[in-house]
Amino acid sequence: MKIHGMAAVITGGGSGLGAATARHLASAGAKVAVLDVNMDMARAVAEETGGIALECDVTSDEQAETAIRQAREVHGPARISVCCAGISESRRMVDRNGPAPLAHHRRLVEVHLVGTYNICRLAAADMAAVDPLPDTGERGVLINTASIAGFDGPAGAITYDAVKAAIAAMSLPMARELSRYAIRVMAIAPGIFETPMAIELRQDYIDKMTQAIPFPKRFGQPVEYARMVETIVTTPMLNGETIRIDGGLRMT
Ligand SMILES: NC(=O)c1ccc[n+]([C@@H]2O[C@H](COP(=O)([O-])OP(=O)(O)OC[C@H]3O[C@@H](n4cnc5c(N)ncnc54)[C@H](O)[C@@H]3O)[C@@H](O)[C@H]2O)c1
């Protein structure tokens, strides 16, 4: 699918990977809707990209329905959906204070897994209602954000690892289910990228991780994630899969 002239919705678009995606898609001619809980950041990205900022907690069905509707009213139905909303907040299941509160587990499941599904169901319904594009025959593409943590299972982040594995696991069944509408579904599994989320990690952990990368031994840059989004959007044969973008890193 060509990017120019298409409407795109990007959750977590106010920061990090989502903001880089909004900038990159806008520079390629997309009309971007920046969905986030942090409206100051969403507005700044929207202003920079000529897009719109919409308040949306992805865990809320009502807020997501409203935001997707508002995006449709301004830009038309989105043919590109990119889910980047996320939190890290990893913790051990058991530490010296005893078991982790179950609310911690539930919160991560809500934001990542429920939130991604929530946006996908609404974006896919909008895509299913538009005409297929004359050049490729497709109606739209859903791109979700997993993590290599979902495959490599580092300790101390069981719930985060599990929700990211679940997001990766959704790609194939979602692509199969939506194939009758000619909607593709892909996930990207980043390694360690230089965003506010990763910068909050302990410096010794960051150093250990970047040194463990075969090549290049550095943070991934958010624009590299955004270029992967571009590749997925513009390559119709990419469907039902999760692509690692990690310099060959395997977490231990
Ligand atoms: N940075 C990395 O190294 C890395 C690696 C692997 C995966 N990821 C994943 O990439 C995604 C983007 O992360 P990032 O590094 O850009 O982080 P970030 O903190 O820079 O951006 C996350 C954005 O999501 C928003 N957000 C949080 N909860 C939300 C909610 N309930 N509803 C709507 N928006 C919400 C935040 O306000 C923020 O703008 C996340 O899913 C993260 O787990 C990041």
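Residues numbered from 1 in each chain as written. Predicted model: local features only at pLDDT ≥ 70, side-chain atom pairs only at ≥ 80, totals over all residues. Heavy atoms only, no water.

**Remarks on the site of the ligand**
Link 1 in the chain: The environment of the ligand is formed by 29 residues, the closest being Ser15, Asp36, Tyr160, Phe193 and Thr195.
Link 2 in the chain: In this structure, Val58 approaches the ligand through a main-chain N or O atom, which is 3.0 Å from a nitrogen atom.
Link 3 in the chain: At 2.8 Å, a backbone N or O of Phe193 approaches an oxygen atom of the ligand.
Link 4 in the chain: Surface burial for the ligand is 92%, taken as the share of its 830 Å² of free accessible area covered by protein chains.
Link 5 in the chain: When contributions to the shell around the ligand are tallied by element, the ones reaching two or more residues are helix H1 (16-27), helix H6 (158-178) and helix H7 (196-199).
Link 6 in the chain: With 3 residues, H7 is the largest single contributor of residues to the shell around the ligand. (Near = heavy atom within 4 Å. Polar contact = N/O pair within 3.5 Å; in protein donor to acceptor, adjacent residues only side chain to side chain. Areas by Shrake-Rupley, 256 points an atom, 1.4 Å probe, with all protein chains shown as cover. Helix = DSSP H or I, 4+ residues; strand = E, 2+ residues; numbered from the N terminus.)

**A few points about the pattern of salt bridges**
Link 1 in the chain: Under the criterion given, the structure shown has 13 salt bridges.
Link 2 in the chain: Across the pair Arg69 and Glu73 runs a salt bridge, and its minimum N-O distance is 3.4 Å. Of the two residues, Arg69 and Glu73 both sit in helix H3 (residues 61-75), 4 residues apart, roughly one turn of that helix.
Link 3 in the chain: The exposed category is assigned to Glu73, whose relative accessible area is 57%.
Link 4 in the chain: Look at the salt bridges and you will find they share partners, linking Asp152, Arg244, Asp246 and Arg250 into a network. (Salt bridge = Lys/Arg side-chain N within 4 Å of Asp/Glu carboxyl O. Buried < 20%, exposed > 50% of the residue type's maximum accessible area, 1.4 Å probe, protein only.)

**Concerning unusual backbone geometry**
Most of the time, phi is negative for any residue but glycine, and the peptide bond is trans.
Link 1 in the chain: A cis amide bond, omega -5°, links Phe215 with the succeeding residue Pro216.
Link 2 in the chain: Note that Pro216 resides in the loop between helix H8 (203-212) and helix H9 (222-234).

**Describing the pairing of strand E2 (residues 31-36)**
Link 1 in the chain: Most of E2 sits inside the fold, with 5 of its 6 residues counted as buried.
Link 2 in the chain: Sheet topology places strand E1 (residues 7-11) next to E2; 5 bridges connect them, and they run parallel. Looking at E2, one finds that Ala8 is bridged to Val32.
Link 3 in the chain: Two elements, E2 and strand E3 (residues 52-55), share 4 bridges in a ladder whose sense is parallel. The partner of Ala33 across the bridge, within E3, is Ile52. (Pairing = 2+ DSSP bridges.)

Without other data, these values stay purely geometric and don't point to any function.
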